[in-house]
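Residues per chain are reported as follows:
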Amino acid sequence: MTAVVKRRSRRPKGLTAHLVLGLAVLISVFPFVWTIVMATNTTQDIYKSPPKLTFGSHLLENVRHVLDTIDFFGSMLNTVIVASVTTVLVLFVDSLAAFAFAKFDFPGRKVLFALLVGFMMLPLQLAVLPQFILMSDIGWVGTLKALIPPALANAFGIFWLRQYVENGVPDELLDAARIDGAGFFRQYWNIVLPMIRPALSFLAIYAFVGAWNDYIWPLVVLTDPSHLTLQVTLAQLHVGHTTDYSMVMAGVLMASVPLVVVFTIFARGFIAGATEGAVQGS
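The protein chain appears in an unreviewed UniProt entry as Cellobiose transport system permease protein from Streptomyces paradoxus. According to its UniProt record, the protein chain has this under Sequence similarities (unreviewed entry): "Belongs to the binding-protein-dependent transport system permease family." The protein chain has a UniProt comment under Subcellular location (unreviewed entry) that states "Cell membrane".

What follows is the structure, given as structure tokens:
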């Protein structure tokens, strides 16, 4: 009898939790659904009061307007190149730094790591002017190469991987490797990297999305129209008070498709990295 009463008392709590989670999912999904709704309708439909909340039949027309207005595929190719190269180098540089911070005792380690955590709290816009001066000095202004170096030493990436390496890679395993004559890079390549794959998968998604959506730095440093990235090119769809918002939303929707594909491919590693890291951190 007591067990039945306990089960019944748990049902309202479980129902409330499911309702809250369902509401959170609806709130999270609504911006994406609304983007699709606007991309498939006309600007006049968007301005209606109340607004139209159903899918329309103007998607292909809006996509054609986007392709006629901007060099969408050219800028997408530029963005794919920058995001892919940046992601690979971020994984390499950040994992090396994280391994050194987590498993090696060197002078100034704690101070450097404290500075690294402090840099995470600074707005990225503060570095725009120094970075531009540096790129100008080496002659990279206007080229895609200028977009990659500023993103390599990712403070969050080093912090994330350092926590993962510190808790997920046993010291005994590294000691055994050193006894067998393995140096720093041998330990890093053969032991550390295979054991932190979930964390690397998470960081890969994070770095790729960050490079894909970057707007401020490409807007400042890119001067050649043929080298513009996708976010800067999409901004050209805004034309004052005559902006065709259905066309803009169609462009945004097209730009989001590669991100959805990348996330779908690495979703398992993304979720495993986030949850396993959280468990280890606790």
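Brief notes about the UniProt feature "transmembrane region" (unreviewed entry) in the protein chain
Here, the residues flagged by UniProt with the feature "transmembrane region" (unreviewed entry) are residues 15–37, 76–99, 111–134, 140–161, 188–209 and 245–267. The distance separating the terminal C-alpha atoms of residues 111–134 is 26 Å; by composition the span is 67% helix and 0% strand. As a span, residues 140–161 carries 32% helix and 0% strand, and end to end its C-alpha atoms are 30 Å apart.

A closer look at the pattern of salt bridges
Enumeration according to the criterion identifies 4 salt bridges in this entry. Put simply, R162 and E166 hold a salt bridge, and the shortest N to O gap is 3.4 Å. With R162 and E166 both in helix α7 (residues 155–168), this residue pair falls 4 residues apart, about one helical turn. Taking the relative accessible area as the measure of exposure, R162 reaches 15% and is therefore buried. A relative accessible area of 34% means that E166 is categorised as partly exposed. Of the charged contacts, one joins D175 and R178 as a salt bridge, the two residues approaching to 2.7 Å between their closest N and O atoms. Note that D175 and R178 are positioned in helix α8 (residues 171–179) at a spacing of 3 residues, about one turn of the helix.

Let's talk about the nonpolar core
In terms of nonpolar packing, the biggest core is built from 36 residues, with L147, W160, L161, V165, V169, V192 and I196 touching the most fellow members. Counting residues per element, this core draws most heavily on helix α4 (residues 72–103), which supplies 6 residues. A39, I70, A255 and V262 belong to the second-largest nonpolar core, a separate cluster that totals 24 residues.

Some thoughts on the layout of surface pockets
Looking at the largest pocket, its volume works out to about 1,000 Å³. When contributions to the lining of the largest pocket are tallied by element, the ones reaching two or more residues are α4, α6 (128–137), α7, α10 (197–213) and α11 (216–221). For the lining of the largest pocket, the per-class residue count stands at 23 nonpolar, 7 polar and 1 charged. Its boundaries defined by the atoms lining it, the second largest pocket holds a volume of some 180 Å³. Forming the walls of the second largest pocket are F32, T35, I36, V252, L253, S256, L259 and V260. Elements with a minimum of two residues in the lining of the second largest pocket: α1 (2–39) and α13 (245–265). The element contributing the most residues to the lining of the second largest pocket is α13, with 5 residues. Residue composition of the lining of the second largest pocket, grouped by class: 6 nonpolar, 2 polar and no charged.

What about the packing of aromatic side chains?
Taken as a whole and judged by the stated rule, the model has 16 aromatic pairs. Arranged with centres 6.3 Å apart and planes meeting at 10 degrees, the rings of F30 and W34 form a pair that is stacked. Of this pair, F30 and W34 both sit in helix α1, 4 residues apart, which is roughly one turn of that helix. Residue classification places F30 among the partly exposed positions, given a relative accessible area of 46%. Arranged with centres 6.3 Å apart and planes meeting at 75 degrees, the rings of F92 and Y188 form a pair that is edge-to-face. Taken as a pair, F92 in helix α4 and Y188 in helix α9 (residues 184–195) lie far apart in primary sequence, 96 residues in all. Among the aromatic residues, ring-to-ring pairing joins F156, W160, Y164, F202 and Y206 into one connected group. Here the guanidinium or amino end of R162 rests over the ring plane of F113, the centre of that ring lying 4.2 Å away.

A short note on the environment of L230
Structurally, L230 is set in helix α12 (residues 230–235). On the basis of relative accessibility, which here comes to 0%, the residue L230 falls in the buried class. As for L230 and D71, which are separated by 159 residues in sequence, their C-alpha atoms are 9.0 Å apart. Other than its neighbours up to four places away in sequence, L230 contacts F72, S75, M76, T79, W212 and A255.

Examining the packing of α9 against α10
In the contact formed by α9 and α10, the axes pass within 5 Å of each other and the chain directions differ by 70 degrees. Regarding the angle of α9 to α10, the classification is roughly perpendicular. Seen from α9, the contacting residues are L193, P194 and M195; seen from α10, they are R197, P198 and L200. Grouping the amino acids of the contact of α9 with α10 by side-chain chemistry returns 5 nonpolar, no polar and 1 charged.

Criteria and cut-off values
- Residues numbered from 1 in each chain as written.
- Predicted model: local features only at pLDDT ≥ 70, side-chain atom pairs only at ≥ 80, totals over all residues.
- Heavy atoms only, no water.
- UniProt positions renumbered as here; feature names shortened; annotations may be inferred.
- Helix = DSSP H or I, 4+ residues; strand = E, 2+ residues; numbered from the N terminus.
- Salt bridge = Lys/Arg side-chain N within 4 Å of Asp/Glu carboxyl O.
- Buried < 20%, exposed > 50% of the residue type's maximum accessible area, 1.4 Å probe, protein only.
- Core = buried A, V, L, I, M, F, W, Y, C linked by side-chain atoms within 4.5 Å.
- 1 Å grid on protein atoms, 1.4 Å probe; cavity = no way out; pocket = protein on both sides within 12 Å on 5 of 7 lines; lining within 4 Å.
- Points joined across faces, edges and corners; volume = space filled by probe spheres on them.
- Nonpolar A, V, L, I, M, F, W, Y, C, P; charged D, E, K, R; others polar.
- Phe/Tyr/Trp six-rings, centres within 6.5 Å; stacked < 30°, edge-to-face > 60°.
- Lys NZ or Arg CZ within 6 Å of the ring centre and 35° of its normal.
- Contact = heavy atoms within 4.5 Å.
- Axes fitted to C-alpha atoms, helices over the stretch in contact; angles between N-to-C directions.
- Parallel < 35°, antiparallel > 145°, perpendicular 65-115°, else oblique.

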